[in-house]
Amino acid sequence: MAVPKVAVVTGASRGAGRGIATALGAHGWRVYVTGRSIAESGTADLVGAAGGEGIAVPVDHADDRAVAELFARVGADGSGLDLLVNNAAVIHDELIGAKPFWQKPLGLADVLDVGLRSAYVASWHAAPLLTARGGGLIAFTSSPGSVCYMHGPAYGAQKAGIDKMAADMAVDFAGTGVACVSIWMGILLTERLRGAFEGNPDALAATAAHAETPEFTGHLIDALFDDPRRDELSGHSVIGAELATRYGLTDEDGRRPPSHREMLGSPREPSTVVLR
C-alpha cells in the first residue's frame, strides 16, 4: 500500500482552508487540519469522504506553544511532512467597508499576528520536517491585495508580507528541495459568499462566473507539488488562475476562472540580490 503524502493546512475550519484540505483529500493526501473550531467543523470528515485521511487538530495560531505541539505531533506520527499550507488568518467582521482604517476597529490589525506572524511560526516548525524529507512545499494563500488597495492597510500589509515571506524563505531553502510559493486566490465561492446571495440566484450566478471554488486552490497545490519543475516557481507569487493554465486544470463544471491581472495588478517580482 502506497504511503500517503502528508500535509498540514492551517485555518481549515471554513472557507479557503476547508476547500484546500478537501481537494487534497481527493488526491489521497493525509491532511492535518487546524483551527480553533476545527473539531466541530467537519473538515476532517470531508477530507476522508473525498478519499484522503483527515486529522483534526484544534490550534489557536496566536498561541506559539499550540503550534509547536502541532508539529511535534506530526513529527511523532512518523510519516514525515511533505506540504504546509499557510492559510490561517483573522478576518474581522468589519474588514469590508469604505471607511478609512482609523474609523474601523483596531482589531483589524490582528491579521498581522494570525495571518502574517503565524505563517512564519508554522513555517519555522515545519522546516526541519520538510528538509528531513529531502523536498517539499510551503504554499501561502494570498491575494492581489498585496499590490492594490483592498480592504485597508492591515489586510494589504499582511498579503504583501506573505508574498515577501515566500520569496525570502525560498532563498533560505535553496538546495534543500523545499519550494515556497505564494498563490493569489480570486473571489472565493465560500459558504459565506453564497449566503450573501441567498434569494438572488441570478446575482450569484453572475458572480460565480468570475469566481473560484475553495477547492480550486487545493487542486492547484497538489499539481504544483507534483511538478518536477516546481523549483522554477519557488520564491514567486503566482496567480492561481494562471497556474491552472500551466497545469491544464479547470474549476467546478469545467470553468476557467479569470486571473484579474489587468484589473487588479501583477505580483511583484523579487530582487535576485541576497545580502547576508
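The residue count restarts for each chain, going from 1 along the sequence in the order it is written. Side-chain atom pairs in this predicted model are given and counted only at pLDDT of 80 or more, local residue features only at pLDDT of at least 70, and totals for whole chains, interfaces and linings cover all residues. As a rule here, side-chain values come from all non-hydrogen atoms in the structure, and water together with hydrogens is ignored.

Under an unreviewed UniProt entry, the protein chain has the name Short-chain dehydrogenase and belongs to Mycolicibacterium diernhoferi.

J.: How do you make sense of helix H10 (residues 240-247) when you look at a structure like this?
T.: One turn of an α-helix holds 3.6 residues; hence residues three or four places apart share an orientation. Burial classification: accessible surface area is computed with a 1.4 Å probe over protein chains only, and a residue below 20% of its type maximum counts as buried, one above 50% as exposed, and the rest as partly exposed. The helix count covers DSSP runs of H or I at least four residues long, the strand count covers runs of E at least two residues long, and both are numbered beginning at the N terminus. Taken together, the buried positions of H10 are Gly 240, Ala 241, Leu 243 and Ala 244. Buried residues of H10, viewed axially, fall in a sector of 155°; they line one side. Packed against the buried residues of H10 are strand E6 (178-184), helix H9 (214-226) and strand E7 (237-239). One or two positions beyond H10, positive phi appears at Gly 248, with a value near 65°. Each C-beta atom gives one direction from the helix axis, and the arc is the one those directions make. Only heavy atoms matter for contacts: two residues are in contact if any of them lie within 4.5 Å across the pair.

J.: Teacher, can you tell me more about the layout of surface pockets here?
T.: Rolling a probe over the atoms, with the probe sized like a water molecule, indicates the empty space that remains. A cavity, in this analysis, means grid points on a 1 Å lattice covering only the protein atoms where a 1.4 Å probe fits yet has no way out; a pocket is instead an open set bounded by protein on both sides within 12 Å along at least five of seven lines, and a residue lines either one if it has an atom within 4 Å of a point. Grid points are joined across faces, edges and corners, and a volume is the space filled by probe spheres set on the points. If you add up the space inside the second largest pocket, you get close to 500 Å³. The wall of the second largest pocket is formed by 25 residues, among which Ala 167, Asp 168, Gly 235, Pro 270 and Ser 271 lie closest to the centre. Residue contributions to the lining of the second largest pocket peak at eight residues, all from helix H6 (residues 153-173).

J.: It is not clear to me how the pattern of salt bridges should be interpreted in this structure. Could you clarify?
T.: Pairing is possible between side chains of opposite charge, provided their charged atoms come close. Any carboxyl oxygen of Asp or Glu within 4 Å of a side-chain nitrogen of Lys or Arg constitutes a salt bridge here. A full pass over the atoms with the stated rule returns twelve salt bridges. Measuring nitrogen to oxygen at the nearest pair gives 3.3 Å for the salt bridge that ties Asp 226 to Lys 5. Taken together, the residues span a long stretch of sequence, with Asp 226 in helix H9 and Lys 5 in the segment before strand E1 (6-9) at a distance of 221 residues. The partner of Arg 133 in a salt bridge is Asp 82, with the nearest N and O atoms 2.9 Å apart. Of this pair, Arg 133 sits in the loop between helix H5 (113-132) and strand E5 (136-142) while Asp 82 sits in the loop between helix H4 (64-76) and strand E4 (83-86), and the two are 51 residues apart along the sequence. By relative accessible area, which is 34% here, Arg 133 ends up partly exposed. Among the ionic contacts, a cluster of salt bridges with common partners joins Asp 227, Arg 229, Glu 232 and Arg 246.

J.: Help me understand the environment of Ala 127 in this model?
T.: Among the secondary structure elements, Ala 127 is positioned in helix H5. Residue Ala 127 is classed as buried on the basis of its relative accessible area of 18%. Taking the C-alpha atoms as reference, Ala 127 lies 28 Å from Ala 241; in sequence the two are 114 residues apart.

J.: How should the sheet that holds E6 be read in this particular structure?
T.: Strand-to-strand pairing in sheets goes through backbone hydrogen bonds, with the strands running parallel or antiparallel. The strand order E3-E2-E1-E4-E5-E6-E7 describes an open sheet built from seven strands, whose pairing is parallel. Only two strands of the sheet have a single partner each, and these edge strands are strand E3 (53-58) and E7. Direction aside, the axes of adjacent strands within the sheet are offset by 20° on average. What makes two strands pair is DSSP finding at least two bridges between them. Inspection of the sheet shows strand E2 (residues 30-35) paired to E3 by six bridges, in the parallel sense. Paired with Val 33 across the bridge in E3 is Ala 56. Those strands touched by helix H1 (residues 15-26) are E1, E2, E4 and E5, and its axis lies near 170° from that of E1. Where helices are involved, their axes are fitted lines through C-alpha atoms of the stretch in contact, as for all axes, and angles between N-to-C directions lie from 0 to 180°.

J.: Would you mind going over the side chain of His 260 with me for this structure?
T.: Along the polypeptide, His 260 turns up in the loop between H10 and helix H11 (261-264). Given the relative accessible area of 17%, His 260 is considered buried. Contacts described as polar in this section are N or O atom pairs within 3.5 Å, which, within protein, must combine one atom able to donate a hydrogen with one able to accept it, while residues neighboring in sequence count only if both atoms come from side chains. Among the polar contacts made by the side chain of His 260, one reaches the main-chain carbonyl oxygen of His 210 at a distance of 3.3 Å. Not counting residues up to four positions away in its chain, the partners in contact with His 260 are His 210 and Gly 265.

J.: Got a minute to help me understand the packing of H4 against H5 in this structure?
T.: Packed helices, taken two at a time, are described by the angle their axes make and the gap between the axes. Interhelical geometry of H4 versus H5 gives an angle of 25° and a closest axis separation of 10 Å. Judged by the angle between their axes, H4 and H5 are roughly parallel. The element H4 and its partner H5 pack so that their crossing is right-handed. Together, Asp 64, Val 67, Ala 68, Phe 71, Val 74 and Gly 75 of H4 and Arg 117, Val 121, Ala 122, His 125, Ala 126 and Leu 129 of H5 make up the contact between the two elements. Residues that form the contact of H4 with H5 fall into these classes: eight nonpolar, two polar and two charged. Convention used here: angles under 35 degrees read as roughly parallel, angles over 145 as roughly antiparallel, angles from 65 to 115 as roughly perpendicular, and any remaining angle as oblique. Two helices crossing with the near one rotated counterclockwise from the far one by less than a right angle form a left-handed crossing, whereas a clockwise rotation gives a right-handed crossing. Classification used: nonpolar for Ala, Val, Leu, Ile, Met, Phe, Trp, Tyr, Cys and Pro, charged for Asp, Glu, Lys and Arg, polar for all others including Gly.

J.: I keep staring at the environment of Val 114 and nothing clicks. Help me out?
T.: Relative to the elements of secondary structure, Val 114 occurs in helix H5. Considered as a pair, Val 114 and Ile 91 are 23 residues apart in the sequence and their alpha carbons are 9.2 Å apart. With near-sequence residues (within four places) excluded, Val 114 lies in contact with His 61, Ala 62, Ala 88, Ala 89 and Val 90.

J.: Just to check I follow, could you spell out empty space enclosed by the protein for this structure?
T.: Within the structure shown, the criterion is met by one cavity of 30 Å³ or more. By volume, the largest cavity is sized at about 40 Å³. Around the largest cavity, the lining residues are Val 90, Ile 91, His 92, Leu 95, Leu 108, Val 111 and Tyr 155. Looking at the lining of the largest cavity residue by residue, the classes come out as six nonpolar, one polar and no charged.

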